[in-house]
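# Per-entry structural report
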Number of protein chains: 2
Amino acid sequence: MKALVYTGPETLDYRDVADPSPRAGEELIRVERVGICGSDMHAYLGHDNRRPAPLILGHEAAGVIVGGTRDGEKVTINPLVTCGQCPACRAGRDNLCPTRQIISMPPREGAFAGLVAMPPANLVTLPEGVTAARAALAEPVACGWHAVRLGLGALGDRIGSGPGGDLRALVLGGGAIGLGAALSLGAQGVADVSLVEPNPLRRAYLVETCGVRALERAEGPFDLVIDGVGYEATRAAASALVRPGGVIMHIGLGADTGGLDVRRMTLQEITFIGTYTYTAQDFRDTAAAIFDGRLGALDWTEERPLAEGARAFRDIRAGATAAPKILLVPDAG
Amino acid sequence: MKALVYTGPETLDYRDVADPSPRAGEELIRVERVGICGSDMHAYLGHDNRRPAPLILGHEAAGVIVGGTRDGEKVTINPLVTCGQCPACRAGRDNLCPTRQIISMPPREGAFAGLVAMPPANLVTLPEGVTAARAALAEPVACGWHAVRLGLGALGDRIGSGPGGDLRALVLGGGAIGLGAALSLGAQGVADVSLVEPNPLRRAYLVETCGVRALERAEGPFDLVIDGVGYEATRAAASALVRPGGVIMHIGLGADTGGLDVRRMTLQEITFIGTYTYTAQDFRDTAAAIFDGRLGALDWTEERPLAEGARAFRDIRAGATAAPKILLVPDAG
């Protein structure tokens, strides 16, 4: 098959590689659409020692099962493979499984390729009429869905009735993670949602194409702030803009430390929750919300051939892409 | 009356001052015992711009009502004065009242004095046989009580049955805040409690006098870590020692920023909650637990005359005091 192989910092090589070898019970999926994630970019820049070259990146994929009894079935892929047996898995917190694996990280190759192998439990079947392009967004949007679910839980059942009146939520960052969080807030019942995005090209796209209240800067206080970026500056903004007793959800992995105003968080009793991916149930719930339209048209993607993936990475790096998500399209041939 | 007045960095002057003037409805209390808190030390060192000199510090007091219909009633004092009307107060989060005041911070003078004025709602009556020395510990212990209540709430109802087996809790810092948190953990149902205290003098006292499992260093992971210190080093330890999906409660105000391993907190979905003081209900619950013995003998105090308060501050600063709490005793005359 063809694959886009990460071979070293800022280098991606589109080339022939061996087809994946499914483990016992696994399905082989022909990839139809696969998104470029911030974590792919992080690896591409050589900043993720969990993803050493050479490696096929990519973990936001939808496609068609090839071979076996389910041949031809269209699916979206939960890329997180967990054991199902440990205390975390049994407690429904399978995203914290200590032996979790994700495609695009050894020992599992990623989906910037013609084919990928997955356990059947990781596949969610698409209903009639749902395209692979929309279905491939289940993975990035599930990250926001999960953060919103945990954040609303930490705030308590206060939507529309609690102290401070209706819930006000803010999202920092207008990439697919931030946009997915903003859409998930709406789908989970929060009416007052703002998003801060500094890139004017991206911000205009969010307002005009996605119907999101995207701002250059926000005025607090907010009950819930979701940091979909994860740098010092966004954490500093989050800890300044959240109200006393409010909640910060932190999805991004931009910088390892720093930024939080711990003094204010202590004096004003602010909760900070780091979140990693989603549970299998969150993934299924997100897919269901995509299928029934609760997350909107999900037409905020731009498509490029997988063969031109290296250029897509360079364009994203240069801030020259308006759409929050670029989907790569493997050659169907 | 006599008072110990903070007159500038590292300077305390024991001198005659005017008696306090109670506001309408307030009671006057003759102070019998008043503890020295870490925040008093912080102010004494000139590090708290909320407490400018000249000022009477001290907010951990118990004593006797003087005058009026309740003359002679023994009470312990909740030093936090809140409005009772705002959304935070109405929601039972009165510690987040935006107009909250605390004695020892303008406009309210503190309790390192012969007398202090307080609203009646801030006074909890002592039952027969409870000394002012034990009752004065309600304030510092209530900080830990509150943190434990919020931390167990954030972990969910998992004591003894959840993933990872029985709940393991760790407290960082063996001052009165940390010790109060450790005792509150026990009183709220957590059996496996450890405490880290670097000072060997203090550590030996905690083991021998308080019956606490006090260690020089701890081996994780812990479901719940309570940072009763609040410096970079303790926050770094907390974020390394907490288990995936676990909770850090942060009481201390040592350093404003830094120390947290945000990357690990994100990848392992760790919750961090800053906590400030206690609600009025927490204060009453802590006092009740003191009165009925659930917090132990509470004999881990050392008493000094208020007149010698300046020396007590110097001894604490030098790490030369074993007991986690020094109580000052105003001249009864």
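Residues numbered from 1 in each chain as written. Chains lettered and ligands numbered in written order. Predicted model: local features only at pLDDT ≥ 70, side-chain atom pairs only at ≥ 80, totals over all residues. Heavy atoms only, no water.

Naming follows an unreviewed UniProt entry, where chain A appears as Galactitol-1-phosphate 5-dehydrogenase of Seohaeicola zhoushanensis.

## Some points on the side chain of A:Thr286
Applied cut-off: Helix and strand definitions follow DSSP, with helices as H or I runs of at least four residues and strands as E runs of at least two, each counted in order from the N terminus. Should any heavy atoms of two residues lie within 4.5 Å, those residues are considered in contact.
Within the secondary structure, A:Thr286 sits in helix 9 (residues 280-291). The residues contacting A:Thr286, other than those within four sequence positions of it, are A:Ala138, A:Val141, A:Ala142, A:Trp145 and A:Leu295.

## A word on the interface of chain B and chain A
Stated formally: Using a 1.4 Å probe, buried area is obtained as the accessible area two parts lose upon being combined, added over both of them. Salt bridges are defined by distance alone: a side-chain nitrogen of Lys or Arg within 4 Å of a carboxyl oxygen of Asp or Glu. Within 3.5 Å is the distance limit for a polar contact, defined as a pair of N or O atoms, with the added protein rule that one can donate a hydrogen and the other accept it, and that residues adjacent in sequence qualify only through two side-chain atoms. Note on residue categories: nonpolar means Ala, Val, Leu, Ile, Met, Phe, Trp, Tyr, Cys or Pro, charged means Asp, Glu, Lys or Arg, and polar means any other residue, Gly included. When DSSP finds two or more bridges between a pair of strands, those strands are recorded as paired.
Every contact between the two is made by 37 residues of chain B and, on the other side, 37 residues of chain A. In total, about 3,100 Å² of surface goes out of reach between chain B and chain A, with carbon and sulfur atoms giving 55% of it. Between chain B and chain A we count 4 salt bridges in total. Between A:Arg93 and B:Glu269 there is a salt bridge, and its shortest N-O distance comes to 3.3 Å. Between the two partners, chain B and chain A, sit 21 residue pairs in polar contact (both at pLDDT 80 or more). Sorting the residues of the side of chain B that touches chain A by element identifies helix 4 (138-155), strand 15 (242-250), helix 8 (262-267) and strand 16 (271-274) of chain B as the ones contributing at least two each. Tallied by class, the residues present in the side of chain B that touches chain A amount to 16 nonpolar, 12 polar and 9 charged. Relative to strand 16 of chain B, strand 16 (residues 271-274) of chain A runs antiparallel, the two being bridged by 3 bridges.

## Concerning the pairing of strand 11 (residues 168-172) of chain B
All names here are of chain B. What counts is decided by this rule: Think of it in three bands: with a 1.4 Å probe and only protein chains considered, a residue is buried below 20% of the maximum accessible area for its type, exposed above 50%, and partly exposed in between. A right-handed crossover is one whose linking path, passing over the helix from the first strand to the second, runs clockwise when the strands point away from the viewer.
Counting buried residues along strand 11, 4 of its 5 residues qualify, which places the element largely inside the surrounding structure. With helix 5 (residues 176-187) bridging strand 11 and the parallel strand 12 (residues 192-196), this β-α-β connection has right-handed handedness. Relative to strand 14 (residues 222-227), strand 11 runs parallel, the two being bridged by 4 bridges. Note on strand 14: the bridge partner recorded for Leu172 is Asp227.

## Re the packing of aromatic side chains
Selection rule: Centre distance within 6.5 Å is the pairing criterion for rings of Phe, Tyr and Trp, where only the six-membered ring of Trp is used; planes under 30 degrees apart are then read as stacked, over 60 as edge-to-face, and the remainder as tilted.
In this structure the tally under the stated criterion is 6 aromatic pairs over all chains. Between A:Phe112 and A:Phe313 the ring centres are 6.0 Å apart and the planes differ by 85 degrees, which places this aromatic pair in the edge-to-face class. With A:Phe112 in the loop between strand 8 (101-102) and strand 9 (115-118) and A:Phe313 in helix 10 (residues 309-317), the pair connects residues that are 201 residues apart, well separated along the chain. One exposure class covers both A:Phe112 and A:Phe313, and it is buried. Measuring from ring centre to ring centre gives 5.8 Å for B:Tyr278 and B:Phe283, while their planes differ by 50 degrees; the resulting arrangement is tilted. You can call B:Phe283 buried: its relative accessible area is 1%. In textbook terms, an aromatic cluster arises when at least three aromatic residues are bridged by ring pairs, as seen for A:Tyr44, A:Phe112 and A:Phe313.

## Some remarks on the pattern of salt bridges
One pass over the full model with this rule turns up 40 salt bridges over all chains. A:Arg263 is the salt-bridge partner of B:Asp256, the closest N and O atoms lying 4.0 Å from each other. Here the residue B:Asp256 occupies a position in the loop between strand 15 and helix 8, and A:Arg263 occupies one in helix 8 (residues 262-267), the pair thus bridging two chains. By relative accessible area, which is 19% here, A:Arg263 ends up buried. One network of salt bridges, with partners in common, ties together A:Asp48, A:Arg50 and A:Arg51.

## Focus on the sheet that holds strand 1 (residues 2-8) of chain B
Residue and element names in this part refer to chain B. If you walk across this open sheet you meet the 3 strands as 2-1-4, and the pairing is antiparallel. The open sheet has two free edges, formed respectively by strand 2 (11-16) and strand 4 (55-56), since each of these has just one partner strand. Summarising the sheet, strand 1 and strand 2 pair through 6 bridges and their orientation is antiparallel. Residue Lys2 lies in a different strand from strand 2, and its bridge partner there is Asp16.

## Concerning the sheet that holds strand 14 of chain B
Heads up, the condition is: Fitted lines through C-alpha atoms give the axes, limited to the stretch in contact for helices. The angle between two N-to-C directions lies from 0 to 180 degrees.
As summarised here, the arrangement of the 12 strands in space is 13(A)-12(A)-11(A)-14(A)-15(A)-16(A)-16(B)-15(B)-14(B)-11(B)-12(B)-13(B), forming an open sheet in which the pairing is mixed. Two strands bound the open sheet, and with one partner strand each, they are strand 13 (214-215) of chain A together with strand 13 (214-215) of chain B. Examined bridge by bridge, strand 11 of chain B and strand 12 of chain B share 5 bridges and lie parallel to one another. Bridging from a neighbouring strand, B:Leu172 pairs with B:Val196 of strand 12 of chain B. The strands touched by helix 7 (residues 232-241) of chain A are strand 11 (168-172), strand 14 (222-227) and strand 15 (242-250) of chain A; relative to strand 15 of chain A, the strand with the most contacts, the crossing angle is about 150 degrees. Strands in contact with helix 4 of chain B are strand 14, strand 15 and strand 16 of chain B; relative to strand 15 of chain B, the strand with the most contacts, it is inclined by about 155 degrees.

## Notes on the pairing of strand 18 (residues 325-329) of chain A
All names here are of chain A. Counting buried positions over the 5 residues of strand 18 gives 4, a clear majority of the element. In this sheet, strand 18 lies alongside strand 3 (residues 27-35) in antiparallel orientation, the contact comprising 2 bridges. Note that in strand 18 the partner of Val34 across the bridge is Leu328. Both strand 17 (residues 301-305) and strand 18 contribute to a ladder of 5 bridges, which runs parallel. From the neighbouring strand, Glu302 faces strand 18, where its bridge partner is Ile326. Each parallel crossover has a hand, and the one from strand 17 via helix 10 to strand 18 is right-handed.

## Some words on the UniProt feature "domain: Alcohol dehydrogenase-like C-terminal" (unreviewed entry) in chain A
Inclusion rule: UniProt positions are given in the numbering used here, feature names are shortened, and annotations may be inferred rather than shown by experiment.
The feature "domain: Alcohol dehydrogenase-like C-terminal" (unreviewed entry), as annotated in UniProt, sits at residues 217-288 of chain A in this numbering. The span residues 217-288 of chain A shows a helical share of 35% and a strand share of 26%, and its end C-alpha atoms are spaced 33 Å apart.

## What to know about the side chain of B:Arg51
Residue and element names in this part refer to chain B. You can see Arg51 is positioned in the loop between helix 1 (38-44) and strand 4. On the accessibility criterion, Arg51 (3% relative accessible area) is buried. Polar contacts involving the side chain of Arg51 include one to the side chain of Asp48, which spans 2.9 Å. Excluding residues within four positions of it along the chain, Arg51 makes contact with Tyr6, Ser39, Ala43, Leu57, His59, Ile102, Ser104 and Met105.

## Notes on the UniProt feature "domain: Alcohol dehydrogenase-like N-terminal" (unreviewed entry) in chain A
Per the UniProt entry, the sites bearing "domain: Alcohol dehydrogenase-like N-terminal" (unreviewed entry) are residues 24-128 of chain A in this numbering. Secondary structure across residues 24-128 of chain A comprises 10% helix and 31% strand; the distance between its end C-alpha atoms is 29 Å.

## Side note on helix 10 (residues 309-317) of chain B
Basically, it comes down to this: An arc is given here, and it is the one of the directions from the helix axis to the C-beta atoms.
Those residues of helix 10 of chain B lying buried are B:Gly309, B:Ala312 and B:Phe313. Projected onto a plane normal to the axis of helix 10 of chain B, the buried residues spread over an arc of 100 degrees and lie on a single side.

## A short note on the relation of the copies chain B and chain A
Using the following cut-off: When the copies are overlaid, the least-squares fit takes in C-alpha atoms only where the residue has pLDDT of at least 70 in both copies.
Note on the copies: chain B fits chain A at an RMSD of 0.0 Å, the axial shift is 0.0 Å, and the rotation between them is 180 degrees. Such a combination of rotation and displacement between the chain copies is what one expects of a two-fold axis.

## Details of the domain arrangement of chain A
All names here are of chain A. Stated precisely, the cut-off is as follows: Residue ranges for the domains originate in an automatic or database domain assignment.
Along its sequence, chain A is organised into domain 1 (2-137 + 298-329) and domain 2 (141-274). Taken together, the contact pairs 15 residues of domain 1 with 16 residues of domain 2. Summing both partners gives a buried area of about 1,200 Å² for domain 1 against domain 2, and 59% of it is carried by carbon and sulfur. Remark: the boundary between domain 1 and domain 2 carries 6 residue pairs in polar contact (both at pLDDT 80 or more). Counted by class, the side of domain 1 that touches domain 2 contains 7 nonpolar, 5 polar and 3 charged residues.

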